[in-house]
Amino acid sequence: NVETSLDVQHPIPLYLPVRTKKRYFIPPAVGLKGKRQENTEAKARAAGIVFRQQYFERPINIACTAGIFDPYIPPEGDARLSTLSKEGLKQRTEQIRQSAASQLAIRKIKEHDSVFTTKDFAEKAQEIFIEAHHALTQFNKEKLHSLVTERCYPEMTRGNRYKTIRWRFVESLEPPRVVHARCPDMVSKGNLYGQVTVRMHSKQTLAIYDRFGRLMLGSEEQPKDVLEYLVIERHLINPYGRWRLHGKIVPSWAPAKDPIIKTLMIPGPELKPGEEFDALNYEVPKPEAVQWYK
Amino acid sequence: MAAAMTGRGISFIRSVPSVLLSRLQILGGGSQQLSCLHTSASLESKTWERRNLKVYPPQLPDEPRRPAEIHHSRRQIKYSKDKMWYLAKMIRGMSIDEAIAQLEFNDKKGAKIMKEVLLEAQEMAVKNHNVEYKSNLYVAESYSGKGKYLKRIRYHGRGMFGIMDKVYCHYFVKLMEGAPPKIEKKTNFDQAKEYVQSLKNRTIIHSL
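An unreviewed UniProt entry annotates chain B as Large ribosomal subunit protein uL22m originating from Oreochromis niloticus. Recorded in UniProt under Sequence similarities (unreviewed entry), the annotation for chain B is "Belongs to the universal ribosomal protein uL22 family." For chain B, the Subcellular location (unreviewed entry) comment in UniProt is given as "Mitochondrion".

Chain A is annotated in an unreviewed UniProt entry as Large ribosomal subunit protein mL45 of Oreochromis niloticus. In its Sequence similarities (unreviewed entry) section, the UniProt record describing chain A reads: "Belongs to the mitochondrion-specific ribosomal protein mL45 family." Per UniProt, chain A has the following entry under Subcellular location (unreviewed entry): "Mitochondrion".

K.L.:
For this particular structure, what's the right way to read the side chain of A:His201?
P.N.:
Relative to the helices and strands, A:His201 resides in strand E2 (residues 193–209). A polar contact is formed between the side chain of A:His201 and the backbone oxygen of A:Val226, at a distance of 3.4 Å.

K.L.:
Where do I start with the packing of helix H3 (residues 81–91) of chain B against helix H4 (residues 96–104) of chain B in this structure?
P.N.:
For any two helices packed against each other, the geometry comes down to the angle between their axes and how far apart the axes lie. All names here are of chain B. At a minimum axis separation of 10 Å, H3 and H4 run at an interaxial angle of 145 degrees. Classified by chirality, the crossing of H4 by H3 is right-handed. Residues Leu87, Met90 and Ile91 of H3 lie in contact with H4, whose contacting residues are Ala99, Gln102 and Leu103. When grouped by side-chain class, the residues that make up the contact of H3 with H4 number 5 nonpolar, 1 polar and no charged.

K.L.:
Looking at this structure, I do not really get helix H5 (residues 109–128) of chain B. What am I missing?
P.N.:
Counting along an α-helix, one turn takes 3.6 residues, and residues three or four places apart therefore face a common direction. Residue and element names in this part refer to chain B. For H5, with 20 residues, the first-to-last C-alpha span of 29 Å sits near the 28 Å given by 1.5 Å per residue. Turning to H5, its buried residues are Gly110, Ala111, Ile113, Met114, Val117, Leu118, Ala121, Gln122 and Ala125. A positive phi of about 55 degrees marks Asn130, the residue just after H5.

K.L.:
What should I look at first to understand the UniProt feature "domain: Tim44-like" (unreviewed entry) in chain A in this one?
P.N.:
Per the UniProt annotation, the sites labelled "domain: Tim44-like" (unreviewed entry) are residues 102–250 of chain A. End C-alpha atoms of residues 102–250 of chain A are separated by 20 Å, and the span's content is 30% helix alongside 43% strand.

K.L.:
What's the story with the environment of A:Ala207 in this structure? I'm lost.
P.N.:
All names here are of chain A. Along the chain, Ala207 turns up in strand E2. A relative accessible area of 0% means that Ala207 is categorised as buried. For the pair Ala207 and Lys248, spaced 41 residues apart in the sequence, the C-alpha separation amounts to 20 Å.

K.L.:
So what exactly am I meant to see when it comes to the nonpolar core here?
P.N.:
The nonpolar side chains of a soluble globular protein tend to be buried with one another. A:Phe121, A:Val196 and A:Trp243 are the most contacted members of the largest nonpolar core, which totals 34 residues. Counting residues per element, the ones that place at least two in this core are helix H3 (100–112), helix H4 (118–138), helix H5 (141–147), helix H6 (152–157), strand E1 (164–182), E2 and strand E3 (215–235) of chain A. The leading source of residues in this core is H4(A), at 8 residues. In this structure A:Val196 touches A:Ile109, A:Phe116, A:Phe121, A:Val178, A:His180, A:Ala181, A:Leu230, A:Val231, A:Ile232 and A:Trp243, once residues within four positions along its chain are discounted. Counting 29 residues, the second largest nonpolar core, distinct from the first, contains B:Ile100, B:Leu118, B:Val131 and B:Val139.

K.L.:
Which parts of the structure should I look at to understand the packing of aromatic side chains?
P.N.:
For any pair of aromatic rings, geometry is given as the distance between the ring centres together with the angle between the planes. All names here are of chain A. In this structure the tally under the stated criterion is 12 aromatic pairs over all chains. Where Phe121 meets Trp243, the ring centres are 4.8 Å apart and the plane angle is 65 degrees; that geometry is what we call edge-to-face. Of the two residues, Phe121 is situated in helix H4 and Trp243 in the loop between E3 and strand E4 (244–250); the sequence distance between them amounts to 122 residues. We note that Phe121, like Trp243, is buried. Pairing Trp167 with Phe169 gives two aromatic rings, centres 6.2 Å apart and planes at 45 degrees, and the pair type is tilted.

K.L.:
What's the story with a positive patch on the surface in this structure? I'm lost.
P.N.:
All names here are of chain B. Together, Lys78, Lys83, Lys108, Lys109 and Lys166 make up a positively charged patch on the protein surface. In this fold, Lys83 is placed in helix H3. Judged by relative accessible area, which is 47%, Lys83 ranks as partly exposed.

K.L.:
I'm lost on the sheet that holds E4(A) in this one. Help?
P.N.:
All names here are of chain A. Reading across the sheet, the 5 strands line up as E1-E2-E3-E4-E5 and stay open at both edges, with antiparallel pairing between neighbours. The sheet is open, and its two borders are formed by E1 and strand E5 (292–293), each paired with just one other strand. One ladder, built from 2 bridges, connects E4 with E5; its direction is antiparallel. Paired with Ile249 across the strands is Tyr293, a residue of E5. Taken strand by strand, H3 contacts E1 and E2, and its axis lies near 105 degrees from that of E1.

K.L.:
Would you take a moment to explain the sheet that holds strand E1 (residues 69–77) of chain B for this structure?
P.N.:
Within a sheet, neighbouring strands are paired by backbone hydrogen bonds and run either parallel or antiparallel to one another. Residues and elements named next belong to chain B. With respect to topology, 3 strands assemble into an open sheet ordered E1-E5-E2, the strand pairing being antiparallel. The open sheet has two edge strands, E1 and strand E2 (137–146), and neither has a second partner. The average angle at which neighbouring strand axes cross in this sheet is 15 degrees, direction not considered. Pairing between E2 and strand E5 (residues 169–177): 9 bridges, direction antiparallel.

Definitions and limits used
- Residues numbered from 1 in each chain as written.
- Chains lettered and ligands numbered in written order.
- Predicted model: local features only at pLDDT ≥ 70, side-chain atom pairs only at ≥ 80, totals over all residues.
- Heavy atoms only, no water.
- UniProt positions renumbered as here; feature names shortened; annotations may be inferred.
- Helix = DSSP H or I, 4+ residues; strand = E, 2+ residues; numbered from the N terminus.
- Polar contact = N/O pair within 3.5 Å; in protein donor to acceptor, adjacent residues only side chain to side chain.
- Axes fitted to C-alpha atoms, helices over the stretch in contact; angles between N-to-C directions.
- Left-handed = near helix turned anticlockwise from the far one by under 90°.
- Contact = heavy atoms within 4.5 Å.
- Nonpolar A, V, L, I, M, F, W, Y, C, P; charged D, E, K, R; others polar.
- Expected span 1.5 Å × (residues − 1).
- Buried < 20%, exposed > 50% of the residue type's maximum accessible area, 1.4 Å probe, protein only.
- Core = buried A, V, L, I, M, F, W, Y, C linked by side-chain atoms within 4.5 Å.
- Phe/Tyr/Trp six-rings, centres within 6.5 Å; stacked < 30°, edge-to-face > 60°.
- Patch = residues over 30% accessible without salt bridge, like charges linked within 9 Å, V, L, I, M, F, W, Y side chains within 5 Å.
- Areas by Shrake-Rupley, 256 points an atom, 1.4 Å probe, with all protein chains shown as cover.
- Salt bridge = Lys/Arg side-chain N within 4 Å of Asp/Glu carboxyl O.
- Lys, Arg positive; Asp, Glu negative; His and termini not counted.
- Charge placed at Lys NZ, Arg CZ, Asp CG, Glu CD.
- Pairing = 2+ DSSP bridges.

The following block contains the structure:
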């Protein structure tokens, strides 16, 4: 009684086992009171299970550096003074030619990448920035990894996975400028990475919505003027290396950001037993004005 | 035939139940495709935790504000699911502060564990789910489920034995933002009035 059908194909078995009725049942934990020394590993090896060799290695990423080397310190009052005043003119005439180290670095970069010019690069940097942020709004991981280095990626995307971000680049108020360049070499002498800092002043709108679609930060209609110092990096020796966004420099004199919409609780001061918390005379501690890197 | 215990033989034996099943299907109803696959929840599925990963699209400004929902659970608690049910039923619909207060002064073993779960859920809500006020939450759903039991032998007299289950349970809770919903309680007088009204509404239709 072998019925062949067109749908299901099975090989014809050699024999079918006949089972007797199970008369009793012993749960597996019967004689375990005395035997604790035998470990499961020996038993598994005896049974024939092979475990793969465990590699205790930490993955090291060579495609990007871990930070910003010899960072650019933006002069205080940048973009606040008008071009016509004396100090404004002084700042405008502080061109990149002043710092010799940046010139050396640019020369080194031009050795490896022949198409590099400061004027074009600033425009390209702005394009990279805009595309990276568009990829962040769509959360396109592959595109984001190609536009942003591995050090910058977690900083950009931390906490954003279950949130909706709406970002729009309205216009650029000043043309972007290359202000700083460095060519550090890591570990061995010839392993060059190029880090170029670009200053850009632009108008952007940012609105972040949480998991339930409620507005957390910013607004979609109100654009804000933003002065940013972007650091773009490339692994120069690698012929397939690309210029990618590596981080941002936040100067110490930067104005405070807008607060988020919800109210937060700040941890209060540590009190000794018996002390009371004096709400009227308590000053909320403000963070120090230090330059930090995003 | 018994000596055919080669590798192929073992794979045949392993495929025998599926072969039998497919043959029964063939014998039963002609050409049955394997399209009636029934995927059930396996023992490892964490559906409740995955509900926290759902992202809603941004709301328009004229829509009412969507209340935040936080799902939290604890698995394999060493307690009975029936005993846990009493506590779960007690805190359904309470605000979170009230629920924590009631559980703190309850003498059951499950109450201490439930209180930890609620506090964890509250902290998660404030930190990760953008809930503004930690007291502005209430317990929308709370229930207990059966966990994976361990089986042991319970020795009886005369060489008889029974299988003893070491019981474990899961506890699931869903917190929502906002004030707890008020349940309208019907008084005795209202119920009596309704009954009398239903008696008065009786009519005889199609009569002479």
